[in-house]
Structures are given as C-alpha cells and as structure tokens.
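Spelled out, the chains give:
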Amino acid sequence: MNKELEKTYLPKKIESRIYQIWEKSGYFNPDNLPGPRKQTFSMAMPPPNVTGELHLGHATALTIEDILIRYHRMQGKKTLYLPGTDHAGISTQIMVEKLIAKSGLDRHKLGRAAFLKQAWAWKKKYGTRITGQIRQLGASCDWSREHFTMDETFTAAVQTAFVRMYKDGLIYRGDRIVNWCTRCSSALSDLEVKHQQTTSKLWYIKYPLFGSTKYLVVATTRPETMLGDTAVAVNPQDKRYKRYVGKTILLPLTNREVPIITDKRIDMNFGSGVVKITPAHDNLDYEIGADHKLPIINVIGPDGRMTKEAGEFYGKSVQETRHQILQRLEDEELLEKTLDYIHNLARCDRCGSPVEPLISKQWFIKAKILAKPAIAAVKSGQIKIVPQRFEKVYFHWMNNIKDWCISRQLWWGHQIPVWYRGDQVRASITKPSGQGWRQDEDTLDTWFSSGLWTFSTLGWPKKTKDLKLYHPTSVIETGWDILFFWVARMTMMSLYFMKEIPFKTVYLHGLVLDRHGKKMSKSKGTGVDPIPMTEKYGTDAIRLSLILGTTAGQDFRVYEEKIAGYRNFINKLWNVSRFILSQPKSKGKLILKSSADHWIINRLNQLKKNVASNIENYRFSDAGTAIYEFLWHEFADWYVEISKVEKNIPILNYILENFLKISHPFIPFVTEEIWSRWKGGAKKNLLMIQDWPSDDKKLINKKTSEQFQLIINLVTNIRNFRAVHKIPPRAKLSVYFWGKHSHTITSNSNNVKTLAYLDKLEGQKQRKATGSLPGLEYFIDYKQDNHSKKKEITAVSQYIQKLESKLSNKKFLAKAPPAIVSSEKDKLAEQRDKLQKLLK
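Description of the structure in this document.

**Topic: helix α8 (residues 318–331)**
Taking 1.5 Å of rise per residue, the 14 residues of α8 would be expected to cover 20 Å, and the 20 Å separating its terminal C-alpha atoms lies within 8% of that figure. Taken together, the buried positions of α8 are occupied by V318, T321, R322, I325, L326 and L329. Each buried residue of α8 sits inside an arc of 130° when the element is viewed along its axis, so together they form one side. What points out from α8, more than 90 degrees from its buried face, is the exposed set Q319, H323, E330 and D331. Buried residues belonging to α8 abut β7 (193–208), β13 (335–348) and β14 (355–365). E333 sits one or two residues past α8 and shows a positive phi near 55°.

**What about the packing of aromatic side chains?**
All chains considered together, the criterion is met by 36 aromatic pairs. An angle of 90° between the planes, with centres 5.3 Å apart, marks the rings of F455 and W460 as edge-to-face. For W460, a relative accessible area of 6% translates into the label buried. One aromatic cluster is present, formed by F162, Y166, W363, W404 and F448 through successive ring pairs.

**Some words on the sheet that holds strand β20 (residues 438–439)**
As summarised here, the arrangement of the 3 strands in space is β19-β18-β20, forming an open sheet in which the pairing is antiparallel. At either margin of the open sheet sits one strand with a lone partner, and together these are β19 (424–427) and β20. Where strand β18 (residues 418–421) lies against β20, 2 bridges are found, and the strand directions are antiparallel. Its bridge partner lying in β20, W419 is registered against Q439.

**What to know about the pattern of salt bridges**
Per the stated rule, a full pass over the model turns up 36 salt bridges. Close ionic contact of D66 with R543 constitutes a salt bridge, the shortest N to O distance being 3.0 Å. One end of the pair, D66, is in helix α2 (residues 56–74); the other, R543, is in helix α16 (residues 539–547), and 477 residues separate them in sequence. For the residue pair D66 and R543, the accessibility class agrees, reading buried in each case. Connected through salt bridges with shared partners, the residues D263, R265, E287, D291 and K402 form a single ionic network.

**Some thoughts on helix α18 (residues 595–616)**
Spanning 22 residues, α18 covers 32 Å between terminal C-alpha atoms, matching the ideal 32 Å at 1.5 Å per step. Counting buried residues in α18 gives 16 out of 22 residues, a clear majority hidden from the surface. Looking one or two places after α18, you find Y618, whose phi comes out positive at around 60°.

**Some points on the nonpolar core**
Counting 123 residues, the largest nonpolar core has V611 and F635 as the members making the most contacts within it. A per-element tally of this core places helix α19 (residues 620–643) first, with 12 residues. Apart from the residues within four sequence positions on either side, V611 is in contact with A623, A626, I627, I662, F666 and W692. Residues L82, L170, I406 and I501 belong to the second largest nonpolar core, which totals 62 residues.

**Re the packing of helix α15 (residues 530–537) against helix α17 (residues 560–581)**
Across the interface, α15 lies against α17 with an axial gap of 10 Å and an inter-helix angle of 35°. By crossing handedness, the relation of α15 to α17 is classed as right-handed. Packed against α15, whose contacting residues are M533, K536 and Y537, the element α17 presents E560, I563, A564 and R567 at the interface. Looking at the contact of α15 with α17, its residues break down into 4 nonpolar, no polar and 3 charged.

What counts and what doesn't
- Residue positions are given per chain, counted from 1 along the sequence in the order it is written.
- In view of the model being predicted, local features appear only for residues whose pLDDT reaches at least 70, and side-chain atom pairs are presented and counted only at 80 or more, with totals across whole chains, interfaces and linings using the full set of residues.
- To obtain the side-chain values, all non-hydrogen atoms of the structure were used and water was disregarded.
- Only runs of H or I of at least four residues qualify as helices and only runs of E of at least two qualify as strands under DSSP, and these elements are numbered from the N terminus.
- Here the expected span of a helix is defined as 1.5 Å times the quantity of residues minus one.
- Summary of the burial criterion: residues with accessible area below 20% of their type's maximum are buried, those above 50% are exposed, and those between are partly exposed, where the area comes from a 1.4 Å probe applied to protein chains only.
- To be clear, the arc concerns the directions from the helix axis to the C-beta atoms.
- Two residues qualify as a contact provided that any one of their heavy atoms is within 4.5 Å of a heavy atom in the partner residue.
- Note on ring pairs: Phe, Tyr and Trp rings are taken, using the six-membered ring of Trp, and paired if centres are within 6.5 Å. Classes follow the plane angle, with under 30 degrees stacked, over 60 edge-to-face and the rest tilted.
- Pairs of strands are assigned from DSSP output, requiring at least two bridges between the strands.
- By definition, a salt bridge exists where a carboxyl oxygen of Asp or Glu is found within 4 Å of a side-chain nitrogen of Lys or Arg.
- Residues enter a nonpolar core if they are buried and are Ala, Val, Leu, Ile, Met, Phe, Trp, Tyr or Cys, with the set joined through side-chain atoms within 4.5 Å.
- Structural elements are reduced to axes, namely lines fitted to C-alpha atoms, with helices fitted over the stretch in contact, and the angle between N-to-C directions of any two is expressed from 0 to 180 degrees.
- With the far helix as reference, a near helix turned anticlockwise by less than a right angle produces a left-handed crossing, and one turned clockwise produces a right-handed crossing.
- Here the nonpolar group is Ala, Val, Leu, Ile, Met, Phe, Trp, Tyr, Cys and Pro; Asp, Glu, Lys and Arg are the charged ones; every other residue, Gly included, is treated as polar.

Following this line, the structure appears as structure tokens:
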C-alpha cells in the first residue's frame, strides 16, 4: 500500500473501502477478537424502522454507541454491538397499503395472506437500505448477530412472552378507552399519537335544568359527542354551582336526563366551569365516569361515523354531525356564543388522521405489577440513568402507569397467539388440537416486541451462551423522548422474564434541532439528512458535529456550516499526518531533547487520561473537544511548527501513533486510513483492534514541560502585540528579555525567533517593559513610522470624542439599557488607554 498520503483527503473514495475491510476482518464479532478478553462490554442497537431512512437522531445514537464500542474494544474487552431493525407495524402497513392502492386494491379485498406476502416483499426490497446507511455511519456492529423483530427466533420469543404473561394473569382482554385511528382502523400507543396546535372553536351550549326554566352553560370543542354525555360536572370548590350539584339537566336535542356531579379534576377556569362528561370519547371523562359509575354510550364508531346510539345522526361523519348539531342548537336558541380557541389536536403520527378516543375491546397488560420492580431497580442504583435528572421523569411515569394496551388492529406484526372455539379461549404458540379453532386477528403493539430486545436478541427463551455472557448489557443509548415508551418497558420485561436488569446504564441523548433551535422539518426545508452530508463532508465530520458541544439529555443544534467546520479538522489531521509520514524513516530511540519535546509528551499524556475518563463518564463532548484542541492548537500550531526547526522524528511518530488511537473511536475512517497507509493493511495491523495507549510516566518531566509553556506565552504575547499595533506578520521585531527565567528563553531562542518572526532576541534589561510573565519581563522594540502613527493617533482621538459625546447625552443615558451604557464606558476606557500608549 502506498505510504505517501495524497494532498487532499477524499472521504467518498475511502470510507466504503475501509468499512469493507473492517467487516471482512470479522473483528465486529467478539468471538474473533484477538487475545484473551476476560471482560465483556455489550450494547443492543435501538432498532430503527426496517423500511425507514436514517435521520440525525439515529446518527447521533449510532455515533455515541460506536464511540463506546470502539473504545472498549481497544481496552481489551470482548465487545458486542448487536444490530437489528424493527418491523414498524403501522408505518410499514401504511406504505404497503399505499402500494396496493395503486392497483385499485385495499387490504380487505386482497386478503390477509396475500397482503402479508406483499409486506414481506416490501421489507425484502427496502430493508437493506437502512442497514446500508448504518454501515455508512461507521457503526462497528456484529452483523452476524443481526436481528429483525419478526424473524423466526424473535417471533418465538414474542409468542413465548405473551403466553407466559397470559397464564400468569398479567394479560387480559377488556373494554377500555384507547387512542383510535379511523384511517388505520387500529388502536395506537401514546407514542404513535402526535399533538398539533390547532385553531378551532369553543362552543358555549345551554343545558336546561330539569323542572326549571334555568340552564347551565357548558363549553365544549366537540359538540358532536354531546349525544354520548352521561353527566355534567363542576369542581367541588366552585361556589357558583354548589346549589345545582345533585340535580339533573336535560341533554339538548335528546331530552335525556343526566346528573350534575362534582369532581376535583374539573378545571374551574375552562369555559364556564361546567363541562360535559362523555366517558366513551374522552380519556379524562372515561376516568371520571369510572369513578362515578356513569353509563358509557358509544356514539362514534371505529369507522369514524356515528353509531345507532346517535339516533337520527346514525351513519353520518363526525364533521357532518357537528355541523347539523350546531345548526339545530342555534335554531333552538341553545347556542349562547362561539369563541376562537387554540388547542392541541391529537393526530396519528403515521398517517396524520385525527385520533378518536374510543371504547374498544383490546388486550392489556397489568403494568402496575411490572412497574414496581422496575422502579426499585433505578432507586437502588442497579440501573443508572444519564443524566440523572431524568430519574425524576422516569419515576413520575412509572408511579402513574396505567394498564398497557398491547393489541393493534393491523395485519403486519406479531399475530396474537390466542385461539377461540365457541366460548373456549386458549393462549398457545401453536394451534390447539381439534377442529374449529380460529386465531385472534389482532397483532401486538410494536413496543411489546421491542421491549424484549436486549435478551431475545441473545437467544431467549433458550439458555444460550450469548445470553449468559452478554446480559445484562452494559449500556442502552437512546433519545430522552422514549425513556418511558421503550426504556421503561424493556426494564419491566427483563425483570419479569430474566429476573435481572436489561442494562446497567441508560444514556439519553438530546433531540436534534436546526440552527434556530427549532425542531427540524423536511417540509420547511430545515432538516439535515445525514447521508448526503456524509457524502459531501465525510462521515467523520458529521460524527464530530453530533458530539462536540452537546451534553446528555440536552437538545442541540446541527446545521451544514457546523459539519463543514469539522471537515476542516479532518483535513488538518490529514495534512499533519502527511507532513510526518513524509519525513525520513527513523529507527532511533524515543529521546526527549528539548523542553518542547517534554511539553508535547506531557500534553499527550494528559490527553490520554482526559479522553479515557470522559468516555468512561459519558462526557463525549469533553473527550472530543480535548482531541480537537490537542491536534489543532497544541500539536499542529506549536510542536509541528517547531519540528520544522528542531526535528525529532521519533517524537513526531510517537505522537501521531498515539493520537490516531485516541481519536479513532470518534473519527474511525480517517484514522484507520492513515494508520493502514503507515503501518500496512494487514488484518492484524488494523487500528480498530489496537490497544488503547497507556501512560508512559518515565517520559514525563513536568518542570521541563512547564518551561515550554513560558515560550508559548511569550510568543502569544508578541503575536498579540503585532495584532494590536497592526504590524505586518513578516515585519521583523527586536525583543529584549530579563528575569529569573531568562535561561529558558535563551535555551529556546531559535524556536522563539522562528515562531514570533523576530529579527533580534537578546537577554538584556531595558528601562521599561512592554509586558511581563511569571519570572520574565520583556520589551518589544518596534519603530512605527511617524506618518502611520499620527494617523492612528488621529483615528483613536476621534473615536474617543465620539464616545464621550454619546456618554454625555442625557437622552442616550435615559433610554439605553444599562448593559449598553456599561459597554460604551468600557470602550472609552480601552481607547483612552490605547491613546496613552501611542503617545509614549
């Protein structure tokens, strides 16, 4: 392989080849890693939707997970990063339904078997797209252990789990209120519902009191559901309505008598303070109805049309019924007023249709029983959540958990393993013996199957070697927004089936925002697609952009310019490496000859410690920033420049070798390419399996290292002097120095002269000092020509007059914010100081 690096780093030409080398090596599989590896480190990849595309949330998770895996692999551990994809019940079914609709069919005309055949064909065609994108991001996962949530082994695990929970009395079937999508004809989990701010109307309707000419005014956003009202309610603290409690009202249009009740959950400030209670079509009303033993009247059906209970409105759409009811109320002078009202409308996250709360016969898990040990696992510290503040969120959700609806009216998914024959009900993986058995047509909630992810992917319900070796997994990494929906459910399921936690640490990353701090939107053109960005700027650049400047659980901004900025860092590493690898070969021993050598070795040693400590403590941004600062602002800006004067090739090689190892978990592609070009491309030489660099304390001389820091500080001050006085970078200066640390400058005079571009550097005391450092004073001799100096004095004097005039203006002082006034005063003081120096 050609050792010499090309002038320009071209990631598009390199990354695919590098990933193929990694994958072909077999080292993603922990069974193939070299050397004795007694400790294990395992992670299960959160499975993205099989028919989806990677977004920046996925890219963030994959980057963090891969940093951890690569780091622990280099630490000599048996590392397993287990990949997989989720069948994504609703979203995949919608895609397939749209596909067959082009042929004029729907799933019911096609039939279940034919529809599922189409769905599997769709999965086969598009399922490899997402795994290809995972590879593009450099994820070093064990593809030989890849799982799909509907593959044969996983299906066996799901069926076993359901049957066992059913027989243990934790799963039951019953009528409950659920989120219902009329388009998908299915119940939805809370996570499958999005809330969209909508401007609607708030209608104030008169409800006549029974046996009286008086009425109560009820405010509602859904007049069509009044046909299913079984009470009106007020808050017990609301004095306005105390005298009406216990009486009854006549429901408008139906003249059905319903009671007036009190409940502390009623908001006195909403509308008139009197609300209608419709247990069949509102989640809160359902709870209130259950507590007060109110009857339930379903007036909206699963198809989104009015039921027979709606009387004359039977068969009509919700919108048509609303319009006709409002017209009737107005005709009968029962509509008092209408106001504009902004509220959150629930919509299906997959198809966008409005969600109807409906009473439906569904399968449920008694979640409170499962939640108790899951709460205890976090309280006791068995499971650590990073950042810790999310423990409070976790406990709030778990302490208020409700029974979990696990059935979906879909065809694509795990069909519920329950069989019926007449009045007989049997939960069984296989069809019971005998004639006449039919299987439940519903499928299981995707979160049920993914809740088994950490252990079912390792072979459960069988007692496999992988299960014993890698479970509990070390870390689960995901977005904070699915802490309850996925992390909590995995915890409950693992503690129930495995009698152990699923993971030791939960790391939560923030949501990715656009440059303005708003949620990304493809429709608004503010989304950043990671795959085109990797092709344009390289994967390593996008990985850095998703890590640096972020903290656990905190939402963060990503935009193209940020990614482009980190591409510059990758180019910097390439150019530094190119310079070092172009030097003559040196087999000399590692000998530290100068204070610069001692300084850079000490800084490298600090980098090793900082990066390792920060990764171990999940401070990925701090680790990445340390890598960035070391390469650019210490190694490249100082030591590489000095090496052009005082070459110590063994030190250059030593620094590069260690830096490539330290930075590899963050920027794997460019580091592996440089390493292979330098060390050779043999399988055993791959950077990904090298040992993490250890401290070499014998090389550290702190005192000598500190001497070089004095050189850096002096050169920096001279450079700043040039900038302040607008002295051209190549204009020669003379510098004189004195003090107890003069010997340090004398012994490094060539370096100082080169870095600061000096004509003369002498250890000679002067009458006055330009500046000072600990143990050192210095004078910079620069004869500025009179014309330019007078010109600068005039400009500064005029600016001072302008600032003085502004600060003596009473109107400005009265209207300007205090911070602005303070800033102007600071500018004035700065300019006066500058003028004094110019006049000396």
